[in-house]
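Descriptive analysis of the structure
In case you want the letters, here they are:
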Amino acid sequence: MASVNSDEWRAICDKFNNAQNLTEVESRNDPENDPFRSKYKARELLREIYCSLKSFEADEGEEESGGESGEQRPTEQPVDGQREDGQGISGDSPAGMRAAKLGAVEYYLGVNHVDTEELSAGQEHLMNCMKLLERCRVSSENVSLFIHVRNQLGILWAGRDETEMAQGFLETAESIYQRYMKEDGSPPTDMTEYFTSEENLLTHQERTKRFELAYTHTMYYLAQVYKNLGETERAATYCHSTLQRQLQLNQFSPMEWALNAATLSQYYITKGRYMEGRHCLSAATVISGLAGEVPSEAAAQESETESERREHLRQKRAEIARCWIKYCLNLLQDSKKLLEDNIGELDTDRQDELKRARRREEEEEEKGRKSALLFGSEDTFDSIASLEEKVLCLFPLDFTEARSVFLIGQNYVTQAKEYFQMDGYVTDHIEILQDHSSLFRALAFFEEDLERRCKMHKRRVDMLEPICNDLNSQYYLLIRRQLMFELAETYSEMMDLKLTLANRQADTQSLDNHTIKKFNSLCSASAKYFQMFLDSLCSPEGKFPDVLEEEVLRPALVARFRVARLHSRLISSVPPVQLENLNRSLENYKYVVQYCEAHPEAAAAAETELELSKEMVGLLPLKINRLKARMAANN
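Residues numbered from 1 in each chain as written. Predicted model: local features only at pLDDT ≥ 70, side-chain atom pairs only at ≥ 80, totals over all residues. Heavy atoms only, no water.

Note the cut-off: UniProt positions are given in the numbering used here, feature names are shortened, and annotations may be inferred rather than shown by experiment.
The protein chain has the name KIF-binding protein in an unreviewed UniProt entry, where Amphiprion ocellaris is given as its organism. Turning to the protein chain, the UniProt record has this under Subcellular location (unreviewed entry): "Cytoplasm, Cytoskeleton".

Here's what the structure looks like:
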């Protein structure tokens, strides 16, 4: 190889620097009609460097005596090029350095072809790099290249949906890193230093940073691979480690990092790991703040750059707000499941038991997971911890605790709606409203005052009913069905609460006219929305389907059952009206029974409703006949 001080070598270094500049800087300004112009120029320079290196190798090969010829191959091919036997060329030997330099050029050519969408050629160059390295032992001179080339091959195969191929390359890169750090650990040579003059070599600190960043990329790509393989726990672990390392290395885009952390929180939430979820969301909120203030509308109108920045920051922060909403909602709902008895009311004995266990639980939670999960640097750690302290991560056990969680969720609902407005984001806006409604429903469970609980449900109706009635069924049929069903259930809950309140004040027989009118109004509203849901399943000619599709089977049977129950509960002193209500009730109970008899597989979808429907189909005819007899006697 030419001397590092020779003119020939300096020319190679200059070409390499030019190629890097073309790739990383000049290419950003390439015109749309020639998007790869700079990268094609860089490719030519890299090819010239490769030819020069091969020429040097040929000259030196004539002077050397065999032993470490550039063409020598081991008799056995090691798996994926990683030598486990301690044999092979030493990385710091002349032959080892020649292999590394040629491998680096092959690597850069491979990346260049991948960047210009020539994947097969890119793969060929990357595999050439692998072949050159497989003769060598891993050392500080070549370990960075060992890892980079496998990262790139992992990305390449993942892009082709060959996930297991990608997994193989990336897991080998990981094991190479871990083994190197265990056996050596010194700051390794960066690939760019192969073509750098001695006075421009990197500091140890910069070498370490670049090497650690390469391994951070390995972990990031492995997180994607494990996610695609369905290994969610493993994917979450690698994603968390990636985010941690990015902060430590100060190599991250604030909004991208924040959104990734917020997304990771959703995994922890689904696993009931609220401390980790809260930590991810608190870190996301703090780190997103590093991106700066949202430009004003006036600034956005004057500058396209500011307009794009305003849109980007508002959208990402609204998405993080939505993750916070899910955190608060799931925490309340999981607490409700823990505390409710077999009729859905608060189990006070269970509540007392959990309160007694709370102190021990707090201590165990703090000791357990937190030490391994901290995000942040010296600049951000205190801010993250401060935000965490404002949000509960243990299950709320009474109204006061539940309300504190609810208010945080409601605050993020307001933030999310500022961006996801009805005009332009119909689906997103409605999903946020549904979450807001669910927050009220979860909070109502903890409220002991039935009048206040009823008012919370009324808030739900007020926010969902106008949207449901205004939506176009042609474009938003599925969303309308969801809203109809929720409104029907909400009115039904309000009806039950009103009746319970009335029964506390008087016997059922002596309900006053105002209470009866209110009860019937809520009962009819619930039945109306259940019926609207059922009508939405009909054909354009108005015919109800003979066979219900799987996704609507249970909702349709439940709606029929609930309509039957609601008609039987309507209060009237007029016998013909009573008879009409009972007949409509019987008709819907019969539908549930007859449908499940005709389609036995449907029974499993609504076991409880079917059992009660069979019972009512037996009892209601007797009640109807008694009413008819009474009416005939009176006539």
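1. Focus: the pattern of salt bridges
Filter applied, for reference: The rule for a salt bridge is simple: a side-chain nitrogen of Lys or Arg has to be within 4 Å of a carboxyl oxygen of Asp or Glu. For helices the rule is a DSSP run of H or I covering at least 4 residues; for strands it is a run of E covering at least 2, with both sets numbered from the N terminus onward. Burial status follows relative accessibility: with a 1.4 Å probe on protein chains alone, a residue under 20% of its type maximum counts as buried, one over 50% as exposed, and anything between as partly exposed.
As enumerated under the stated definition, the model contains 33 salt bridges in all. A salt bridge links R453 to E345, with the shortest nitrogen-to-oxygen separation between them at 3.4 Å. Here R453, found in helix α17 (residues 450-470), pairs with E345, found in the loop between α12 (304-339) and α13 (348-368); they are 108 residues apart in sequence, far enough to count as distant. Taking relative accessible area as the criterion, R453 reaches 10% and is therefore assigned buried. Of the charged contacts in the structure, one is a salt bridge between R569 and D496, with a shortest N-O distance of 2.9 Å.

2. Comments concerning α17
An α-helix turns once every 3.6 residues. As a result, residues three or four positions apart point the same way. Which entries qualify depends on this criterion: To estimate the expected span of a helix, subtract one from its residue number and multiply by 1.5 Å. Two axes are fitted around each residue, one to the seven residues ending there and one to the seven starting there, and the angle between them is reported as the bend at that residue. Under this definition, polar contacts are N or O atom pairs within 3.5 Å; protein pairs additionally need one hydrogen-donor-capable and one acceptor-capable atom, and for neighbouring residues in sequence, both atoms have to be side-chain atoms.
Helix length check: α17, at 21 residues, gives a terminal C-alpha distance of 31 Å against a target of 30 Å (1.5 Å per residue), a fit within 8%. Within α17, the axis deviates most sharply at L464, by approximately 30°, and proline P466 lies no more than four positions further along. For α17, the full list of buried residues reads L450, R453, C454, M456, H457, R460, V461, M463, L464, E465, I467 and C468. Looking at where α17 begins, the residue whose side-chain oxygen comes 2.9 Å from the main-chain nitrogen of E451 is D449.

3. Focus on the side chain of E141
What counts is decided by this rule: By the counting rule applied here, Lys and Arg register as positive and Asp and Glu as negative, while His and the ends of each chain are not counted. It only takes one pair of heavy atoms within 4.5 Å for two residues to be counted as in contact.
Topologically, E141 is positioned in the loop between α4 (119-133) and α5 (143-159). Here E141 sits buried without a salt bridge, and the closest side chain of opposite charge, R207, lies 7.5 Å off (N-O distance). Polar contacts involving the side chain of E141 include one to the side chain of S139, which spans 2.9 Å. Once residues lying within four places of it in the same chain are set aside, the contact partners of E141 are G91, D92, M97, T189 and Y194.

4. Looking at the domain arrangement of the protein chain
To keep things clear, this is the line we draw: The source of the domain bounds is an automatic or database domain assignment.
Split into domains, the protein chain comes out as domain 1 (269-341 + 372-422), domain 2 (449-536) and domain 3 (542-634). Computed from C-alpha atoms alone, the centre-to-centre distance between domain 1 and domain 3 is 45 Å.

5. Side note on α4
Here α4 is 15 residues long and its end C-alpha atoms lie 21 Å apart, about the 21 Å a rise of 1.5 Å per residue gives. For α4, the elements touching its buried residues are α3 (94-115), α5 and α6 (163-183).

6. Remarks on the layout of surface pockets
Rules: Space inside and on the surface of the protein is sampled on a 1 Å grid over the protein atoms alone, with a cavity defined as a set of points where a 1.4 Å probe fits but cannot get out and a pocket as an open set with protein on both sides within 12 Å along at least 5 of 7 lines; lining residues have an atom within 4 Å of a point. Grid points are joined across faces, edges and corners, and a volume is the space filled by probe spheres set on the points.
Quantified by volume, the largest pocket comes out at close to 1100 Å³. As for the largest pocket, its lining consists of 33 residues, and the residues nearest its centre are I343, G344, R441, E493 and D496. For the lining of the largest pocket, the secondary structure elements donating two or more residues are α16 (426-446), α17, α18 (473-505), α20 (550-569) and α22 (607-634). Both domains that meet at the lining of the largest pocket, namely domain 2 (449-536) and domain 3 (542-634), each give it at least three residues. If you add up the space inside the second largest pocket, you get close to 760 Å³.

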